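Tertiary structure, described
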Amino acid sequence: MDIFDGKKFLIYGGGISGKAAFDAVERRGGRAVIFNDVDGAFSVPSGDDYDLAVISPGIRPTHPIYTYCADRGITVIGEAELGFRLATCRIVGVTGTNGKTTVTRLIAEMTGGVACGNIGYPITEAVGQKSNLLVCELSSFQLREADIAPDVAVITNITADHIDWHGSAEEYYRCKCMIANGMTGGYLVLGENVPIAALATLRTGAQILRCATDRPVDGAYTQGGYFWFGGKRVCPIDYFRLDGRHNVSNALCAIAAAKCVGADNSQILTALSRAVAAPHRLENAGRAVGKRWIDDSKSTNVSSCLSAVEATAGRICLITGGRDKGLDFAELFGALPEKATEVIAMGECAVKIERAAATAGRRVTVVKNLAAAVEAAARSDADTVLLSPACASFDEFGNYAERGEAFKAEVARLGAEK
């Protein structure tokens, strides 16, 4: 008998993860019913004999479905936790403010594992594959109430993000720590930009391994032009195809996790030499009006924007803005290099960005939307135009990928008008 035989699941949210959870339950002898908001309003589920509820990670903690379940004693889990319960193989869980997708894909390539989770392939679907390892990207939304225990957990880095959704930086940090709080063994890999303050709620039985680009540590590090792990040389750094120090940090996290599950040096070297950037992450969008254009639409917070600027050569016209996530843009302008000679702010939080820039003595051109931002950037004196918004896309677009595609279309239009 399967653990879901005879149980009834309330699934709230009929997107990719909700449908995958529905299929997983039904395939294993359970019963499931999907409900969605109707015209933006809570749709009260029919019936009250549910054993468990699976709530979409995109539904805010303040949504009435949580009160509905609490009032009826219905245990709430997420699609990710459901996938962990179903898995019969080893699992590597990856979270962090930035670099999650890159690290997840690198680990999967190094180990032959299946990359899944927040990258768009639900864990409950991935568990149906014949594999010895799942490599699961996990967002703070997915981890908020998750009771999970991966064999290896990775926290790439932590900076304040999604404050509008979580309510505070402390709650965001707490959610990130949930990736390892259920572990009674195994390994927790910490990237080099994980501040101690962010780990205040970490209570784990995992062995902690650290990563560093500037000194030897007890996990993965760089020294003398090589990647190292556990005091042993792994492979030359110059085999790695992705640019930027932030990507070297990502590679260290991936190497540490891969080594923890048995990857050998040849597998790691091959993966590093084949690595390609995720779509809309420092992606070349072509040349137009004498400038190079770079699509970093995946940048939705300040730290990722700064990493993108650091990795971009020449004089930069930086396009920022979109929907505010409750972030402090003073941090952006306090650390923005002088090579970012021009800054354009678009969308809902353009004025907030402009005010933060003025406090730091920087000028910002405010525009209404992405199309206007591209037009303004085309008139700049910069060598490179970098779209790295440090904001969510939802004021104008459905997601960061849609924003990136729109950017590339605008660049292509400029080229056609030459």
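None of these values were measured; they are calculated from a predicted model.

Turning to the nonpolar core, a few remarks are in order. With 71 residues, the main nonpolar core has Phe9, Leu82, Ile123, Leu134, Leu138, Phe333 and Leu336 as its most contacted residues. No other element matches the five residues that helix H11 (residues 302-310) contributes to this core. What Ile123 contacts, discounting residues up to four positions off in sequence, is Glu79, Ala80, Gly83, Phe84, Cys116, Gly117, Leu134, Cys136 and Leu138. Ranked by size, the runner-up nonpolar core spans 38 residues in total, among them Ala220, Val248, Ala254 and Ala263.

Our focus in this paragraph is the sheet that holds strand S10 (residues 207-212). Pairing is mixed in the open sheet, where nine strands are placed in the order S6-S7-S5-S8-S9-S10-S11-S12-S13. Unpaired on one side and paired on the other, strand S6 (114-117) and strand S13 (232-236) mark the two borders of the sheet. Across the sheet, the mean angle separating the axes of adjacent strands is 25° when strand polarity is ignored.

Between the first and last C-alpha of helix H4 (residues 100-111) there are 17 Å, a value that for 12 residues agrees with the 16 Å anticipated at 1.5 Å per step. Of all 12 residues that make up H4, nine are buried, and the element is covered over most of its length. Regarding H4, the residues found buried are Lys100, Thr101, Thr102, Val103, Thr104, Leu106, Ile107, Ala108 and Met110. Gly112 occupies a position one or two residues after H4 and carries a positive phi of about 80°.

This paragraph deals with the side chain of Ser249. Structurally, Ser249 is set in helix H9 (residues 245-260). There is a polar contact of 2.6 Å between the side chain of Ser249 and the side chain of Glu192. If sequence neighbours within four positions are ignored, Ser249 has contacts with Glu192 and Thr213.

Attention now goes to unusual backbone geometry. Here His162, not a glycine, exhibits a phi torsion of approximately 55°, which is positive. Within the fold, His162 resides in the loop between strand S8 (152-157) and helix H7 (163-166). A positive phi angle, near 50°, is found at Leu282, a position not held by glycine. Mapped onto the elements of the fold, Leu282 is located in the loop between helix H10 (265-274) and strand S14 (283-288).

The next subject is the packing of H4 against H10. For the pair H4 and H10, the least separation of the axes is 8 Å and the interaxial angle reads 135°. Judged by the angle between their axes, H4 and H10 are oblique. For the pair H4 and H10, the sense of crossing is right-handed. Facing Leu106, Glu109 and Met110 of H4, the residues of H10 in contact are Gln267, Ile268, Ala271, Leu272 and Arg274. Class assignment of the residues belonging to the contact of H4 with H10 gives a composition of five nonpolar, one polar and two charged.

Reading across from one edge, S2-S1-S3-S4 is the order of the four strands in this open sheet, with parallel pairing throughout. Strand pairing shows two members of the sheet lacking a second neighbour, strand S2 (31-35) and strand S4 (75-77), which therefore form its edges. Here the average twist between neighbouring strands, direction ignored, is 25°. Where strand S3 (residues 52-55) meets S4, three bridges bridge the pair, whose relative direction is parallel. Counterpart to Ala53 in the pairing with S4 is Val76. Across the face of the sheet, helix H1 (residues 16-27) comes into contact with strand S1 (8-12), S2 and S3 while running at roughly 165° to S2.

Cut-offs used in this document
Residues numbered from 1 in each chain as written. Predicted model: local features only at pLDDT ≥ 70, side-chain atom pairs only at ≥ 80, totals over all residues. Heavy atoms only, no water. Core = buried A, V, L, I, M, F, W, Y, C linked by side-chain atoms within 4.5 Å. Buried < 20%, exposed > 50% of the residue type's maximum accessible area, 1.4 Å probe, protein only. Helix = DSSP H or I, 4+ residues; strand = E, 2+ residues; numbered from the N terminus. Contact = heavy atoms within 4.5 Å. Pairing = 2+ DSSP bridges. Axes fitted to C-alpha atoms, helices over the stretch in contact; angles between N-to-C directions. Expected span 1.5 Å × (residues − 1). Polar contact = N/O pair within 3.5 Å; in protein donor to acceptor, adjacent residues only side chain to side chain. Parallel < 35°, antiparallel > 145°, perpendicular 65-115°, else oblique. Left-handed = near helix turned anticlockwise from the far one by under 90°. Nonpolar A, V, L, I, M, F, W, Y, C, P; charged D, E, K, R; others polar.

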